[in-house]
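Observations on the three-dimensional arrangement
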Amino acid sequence: MKDLFMCLPRFFIDTHVHGRDMLEDYKTTIYQTMKEALLAGIRVLAYMPNTKPAMVTINVLDRVLDIINDAREMLKISEMQYVYFGVTDNNLDQCEFALQREEVIGLKIYPQRENGGGVTTGSIGVVSMRTVLAAMKLARKYDKVVSVHCSCPDMFFREKKDTIGGELSYLIRIVMVAKKVPGVKILICHVSNTLSAKYIIRAHEKFGINIAMELMPHYLWFDSEGTNWNPCVGREFYHCFNSLRNSLNREFLVSLLKTDYSFIFCASDTAVHIEEEKMAGFGGIPSNQELPAVVVTLAQMHGISDERVADLLAFNQADFLGIPMDRGLVKYRLIEKADDCHYNVGKIINPWNGTRLYFPVRVN
Ligand SMILES: [Zn+2]
């Protein structure tokens, strides 16, 4: 069989990582997620604030940044690492302090119901759209991004799950608020379906909003119909927020990889939970070691250029988020194999195991 090669950036960027640590170090740690990312050629990571305790105070921010710096030192990573600071309805003063830190790449909005019910694992979140508006104004002041988990909390609780309608309705509310803050940068996390993706393109083209979308490997490879699932792994292990949608939605997201929109990029949303938690309904899929492999494999299947893959895995996110990045490309050999990646030294069930993918490995 002929060897396959691609020319790609010196390293990849993952803008959506759940590092845990602190009270959840039994799931994984920042050190562990960085170590796993390095195996996949990812050298710059941005961590999410729904930690325990949540990263919504400067105290916790400092604690997390210390943990990140220790991990960088141990793994000899010279590149800067980033975090999103979590917004609540009463921490805007802390948000302003946080935004002045170089490592804080932006703010993160998780929707929440008035009684405190959130739409993802953990209790962090924002109820009032007035808070969302104030957060956007703050982020714009410091030229940073507002990253949003789109899911309508009321619909989420009524139907006991997140639906496409709930995802789209929160996205529409976010765009309405963003219209009042011209120039603000909005990043819509883990876009799972055609309607949301088309609405983001429309918001960009029709309303001139500086809005980007993250496409995650699991929505590009798996769907709610069980496509590409490992038959030996229970369906609970494919449960994530937002939920996997059907194959038509998955195929539409894959078709976006082939466009030349610079506001689209890929990130992992790697989120590990132990087996007992997954069986109890926790949402999240370990994905950072598969992130480059899935995009590269889809590029091989659909004839997507090396330049576009470079944009999707590094350059588009670097440009949008202001991450310094050398634009040179280097040669990678594509190793085709059944996925055998471990998470947290094998303590986590990895639903990707067994999937045949091309893993890009740097030639020199
Ligand atoms: Zn996430």
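Relevant structure appears above.
A brief look at the structure comes next.

Basis of the calculations
- Residues numbered from 1 in each chain as written.
- Predicted model: local features only at pLDDT ≥ 70, side-chain atom pairs only at ≥ 80, totals over all residues.
- Heavy atoms only, no water.
- Pairing = 2+ DSSP bridges.
- Helix = DSSP H or I, 4+ residues; strand = E, 2+ residues; numbered from the N terminus.
- Axes fitted to C-alpha atoms, helices over the stretch in contact; angles between N-to-C directions.
- Contact = heavy atoms within 4.5 Å.
- Donors = N, O, S within 2.8 Å, 3.2 Å for Na, K, Ca; no water.
- Buried < 20%, exposed > 50% of the residue type's maximum accessible area, 1.4 Å probe, protein only.
- Core = buried A, V, L, I, M, F, W, Y, C linked by side-chain atoms within 4.5 Å.
- Phe/Tyr/Trp six-rings, centres within 6.5 Å; stacked < 30°, edge-to-face > 60°.
- Lys NZ or Arg CZ within 6 Å of the ring centre and 35° of its normal.

As a further point, take the sheet that holds strand S6 (residues 145-148). The sheet built from 8 strands is open, its strands ordered S2-S3-S4-S5-S6-S7-S8-S9 with parallel pairing. The strands lining the two open edges of the sheet, one partner per strand, are strand S2 (12-17) and strand S9 (264-266). Mean inter-strand twist for the sheet, computed between neighbouring axes without regard to direction, equals 25°. In this sheet, S6 lies alongside strand S5 (residues 104-109) in parallel orientation, the contact comprising 4 bridges. What sits directly across from Ile 109, in S6, is Val 148. Along the sheet, helix H3 (residues 92-99) contacts strand S4 (82-86) and S5; its crossing angle with S5, the most-contacted strand, is approximately 155°.

A few words now on the sheet that holds strand S1 (residues 4-9). Strands sit in the order S1-S10-S11 across an open sheet of 3 strands; the sheet is antiparallel. The open sheet terminates on both sides in strands that have one partner only, identified here as S1 and strand S11 (356-362). Strand after strand, the sheet turns through a mean of 40° between neighbouring axes, direction not considered. Pairing of S1 with strand S10 (residues 329-338) involves 6 bridges; the strand directions are antiparallel. Paired with Leu 8 across the strands is Val 330, a residue of S10. With respect to the sheet, helix H11 (residues 291-302) is in contact with S1, S10 and S11, its orientation differing from that of S11 by roughly 110°. Running at roughly 45° to S1, helix H12 (residues 306-321) makes contact with S1 and S10 of the sheet.

Let us now look at the coordination of the zinc ion. Surrounding the zinc ion are the protein donor atoms His 16 (NE2), His 18 (NE2) and Asp 269 (OD), which sit 2.1 to 2.2 Å from the metal. Taken in chain order, the donor set of the zinc ion reads H-x1-H-x250-D. Residue His 18 is found in the loop between S2 and helix H1 (30-39), and its partner Asp 269 is found in the loop between S9 and helix H10 (275-279); the two are separated by 251 residues along the sequence. Like Asp 269, His 18 is buried.

By size, the foremost hydrophobic cluster in this structure holds 124 residues, and its most contacted members are Met 136, Ile 186, Ile 188, Met 213 and Leu 215. In terms of residues, this core owes the most to one element, H12, which gives 9 residues. If sequence neighbours within four positions are ignored, Leu 215 has contacts with Val 191, Leu 220, Leu 253, Leu 256, Leu 257, Ile 264, Phe 265, Cys 266 and Ala 267.

Moving on, we get to the packing of aromatic side chains. Within the structure shown, the criterion is met by 6 aromatic pairs. Ring geometry for Phe 222 versus Tyr 238: centroids 4.9 Å apart, planes at 80°, classification edge-to-face. With Phe 222 in the loop between helix H8 (217-221) and helix H9 (247-257) and Tyr 238 in the loop between H8 and H9, the pair connects residues that are 16 residues apart, well separated along the chain. We note that Phe 222, like Tyr 238, is buried. Between Trp 229 and Tyr 238, the ring centres sit 4.4 Å apart and the planes meet at 5°, which makes this aromatic pair stacked. Grouped by ring-pair contacts, the aromatic residues Phe 222, Trp 229, Tyr 238 and Trp 352 constitute a single cluster. A cation sits over an aromatic face here: Lys 185 above Phe 320, 5.7 Å from the ring centre. The residue whose ring lies beneath Lys 337 is Phe 359, and the NZ or CZ to ring-centre distance is 4.9 Å.

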